Amino acid sequence: MKTLRFFGMLVALVSAFPLSAQFLQQGDTIAIISPSSSTDSLTIDGGVQTLHAWGFATMVAPHALDSHHGFAGTIQHRRSDLLWALRRPGVKAIMCSRGGDGAAHLLGDLPLDTLRRYPKLIIGFSDVTALLCAEARAGNKGIHGSMCHALKTYEGNDTVSQALRRMLLGDLPEYHVSPHPLNVQGRAEGVLVGGNLSVYNDLAGSDYDPLLLPDIILFMEDTGESMTKVDRMLHNMEIRGLLHHVRGIIVGQFSKYTHPENGFPDMYHMLHEYIKHYGIPVCYDFPVGHAHLRNFPMLTGSRAVLDVAAEGVSLRFD
């Protein structure tokens, strides 16, 4: 077992027996697409170099470097790149170059049956949460994890990037995290879904809404959203009756917001005020979010077991 410390938080990673899924082998091809905001060649090239160093081949989608009103091409071009990667037999997984805005545009004419027909791992976070949620609704797995920018910046050598590399190969972690004073103890089992809170909140009620799945473990993180707005998003999901299927909640990193606000010292205390009444296990300060070194990969759409105990938190993919 390898034990690591990040900002006072203890995280232990234990290799688990690989699940039966569409994981990769050395030499497999990963397609690079840009479903959201526009990016640049240095970012994509840096990600490609790291993937090559890990032993994977790569293909860059035809419109990955397009730019159209801040997005990486028109909706039609971005959707065509996604379909190109899904349908191409030699492509085994799909990494997004970056997040930003616009991934939800691709869902308008993307039936869940199309995703079911091509169950390939999609890798990304932030705005890419929209695609990960669609995959989960289709019954597929995805990886909420680092994209080209982080792979370029850290050259794939840091602990988080290496956890992603192992997950791509089917070597799944068991996460152990230090206790937080606001944690609500208990055990939950279900399908792991979530990611960026504001992104999946906007999918509410649609065919791509992950909260419509039965028995889920929901994880959340965000950046640049005020405590008041997060409060509204949480209660929007609550009054729509979308939290009935939630068996456990993982609260990751919330960054770039003003606090204190409305008498709450920080986001965690605001969330705890409401979530503590749900009667389900909840853990706070989990290492998933917009800061790369606190953004360990999560296998979305996979069954998982969450244990929140006095001595700490464990999450394993079952």
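Residues numbered from 1 in each chain as written. Predicted model: local features only at pLDDT ≥ 70, side-chain atom pairs only at ≥ 80, totals over all residues. Heavy atoms only, no water.

Colleague: Which parts of the structure should I look at to understand the sheet that holds strand β5 (residues 91-96)?
Modeller: Within a sheet, each strand pairs with its neighbour through backbone hydrogen bonds, oriented either parallel or antiparallel. On the basis of which strands lie adjacent, the open sheet formed by 6 strands has the order β4-β3-β5-β6-β7-β13 and mixed pairing. Where the open sheet ends on each side, the last strands, each with one partner, are β4 (57-60) and β13 (298-300). Each strand of the sheet is rotated relative to its neighbour by a mean of 25 degrees, with strand direction disregarded. Examined bridge by bridge, strand β7 (residues 142-144) and β13 share 3 bridges and lie antiparallel to one another. When the bridges of β13 are listed, G142 appears paired with T300. The sheet contacts of helix α1 (residues 41-53) involve β3 (29-33), β4 and β5, and relative to β4 the element is tilted by about 160 degrees. On the sheet, helix α2 (residues 75-87) packs against β3, β4, β5 and β6 (121-124) and is oriented at approximately 175 degrees with respect to β3. (Pairing = 2+ DSSP bridges. Helix = DSSP H or I, 4+ residues; strand = E, 2+ residues; numbered from the N terminus. Axes fitted to C-alpha atoms, helices over the stretch in contact; angles between N-to-C directions. Contact = heavy atoms within 4.5 Å.)

Colleague: Could you clarify how one ought to interpret α2 in this entry?
Modeller: Working note: α-helix, 3.6 residues per turn, so residues spaced by three or four point in the same direction. With 13 residues, α2 should reach 18 Å at 1.5 Å per residue; the first-to-last C-alpha distance of 18 Å fits that figure. Buried within α2 are the following residues: R78, R79, D81, L82, L83, A85 and L86. Where the residues of α2 are buried, they touch β3, β5, α3 (112-117), β6 and α4 (129-137). (Expected span 1.5 Å × (residues − 1). Buried < 20%, exposed > 50% of the residue type's maximum accessible area, 1.4 Å probe, protein only.)

Colleague: Honestly, the nonpolar core in this entry has me stumped. Any pointers?
Modeller: Soluble globular proteins: nonpolar side chains tend toward being buried together. Core analysis: the biggest nonpolar cluster contains 104 residues, and I250, F254 and L271 have the highest contact counts within it. The biggest single contributor to this core is α4, with 6 residues. Residue contacts for I250: discarding those within four places in its chain leaves L192, I217, L218, F219, M220, C283, F286, M298, L306 and L315. (Core = buried A, V, L, I, M, F, W, Y, C linked by side-chain atoms within 4.5 Å.)

Colleague: Mind showing me how you'd approach the packing of helix α8 (residues 227-239) against helix α9 (residues 267-275) here?
Modeller: The axes of two packed helices give the description: the angle between them and the distance between them. At a closest axis distance of 10 Å, the pairing of α8 and α9 adopts a crossing angle of 25 degrees. As far as their axial angle goes, α9 and α8 are roughly parallel. Here α8 and α9 pass one another in a crossing that is right-handed. Judged by residue contacts, M227, V230, D231, L234 and H235 of α8 engage M267, M270, L271, Y274 and I275 from α9. In terms of residue class, the contact of α8 with α9 is made up of 8 nonpolar, 1 polar and 1 charged. (Parallel < 35°, antiparallel > 145°, perpendicular 65-115°, else oblique. Left-handed = near helix turned anticlockwise from the far one by under 90°. Nonpolar A, V, L, I, M, F, W, Y, C, P; charged D, E, K, R; others polar.)

Colleague: Teacher, can you tell me more about the side chain of T129 here?
Modeller: The topology assignment puts T129 in helix α4. Look at T129 and you get buried, because its relative accessible area is 0%. Other than its neighbours up to four places away in sequence, T129 contacts H144, G194, G195, N196, V199 and Y200.

Colleague: Would you mind going over the pairing of strand β14 (residues 303-309) with me for this structure?
Modeller: Walk down a regular strand and you will see the side chains alternate between the two sheet faces. Two elements, strand β9 (residues 186-196) and β14, share 6 bridges in a ladder whose sense is antiparallel. Note that in β14 the partner of G186 across the bridge is V308. The sheet contact formed by β14 and strand β15 (residues 312-317) spans 6 bridges and is antiparallel. Pairing of A304 across the sheet is with F317, part of β15. Connecting β14 to the next strand, β15, in antiparallel fashion are 2 residues.

Colleague: What should I look at first to understand the environment of L132 in this one?
Modeller: When you line up the elements, L132 lands in helix α4. Sequence separation between L132 and T29 is 103 residues, and the spatial gap between their C-alpha atoms is 20 Å. The contact partners of L132, leaving out residues within four places of it in the chain, are I122, G124, G142, I143, H144 and T300.

Colleague: Would you take a moment to explain unusual backbone geometry for this structure?
Modeller: Following H259, the chain continues into P260 via a peptide bond in cis, with omega recorded as 5 degrees. Note on placement: P260 falls in the loop between β11 (246-255) and α9. Phi angles above zero are rare outside glycine, and E155 is one such case at about 55 degrees. Mapped onto the elements, E155 comes out in the loop between α5 (148-154) and α6 (159-168). Positive phi, normally seen in glycine, also occurs at D215, with a value near 55 degrees. Looking at where D215 falls in the secondary structure, it is placed in the loop between α7 (197-201) and β10 (216-223).

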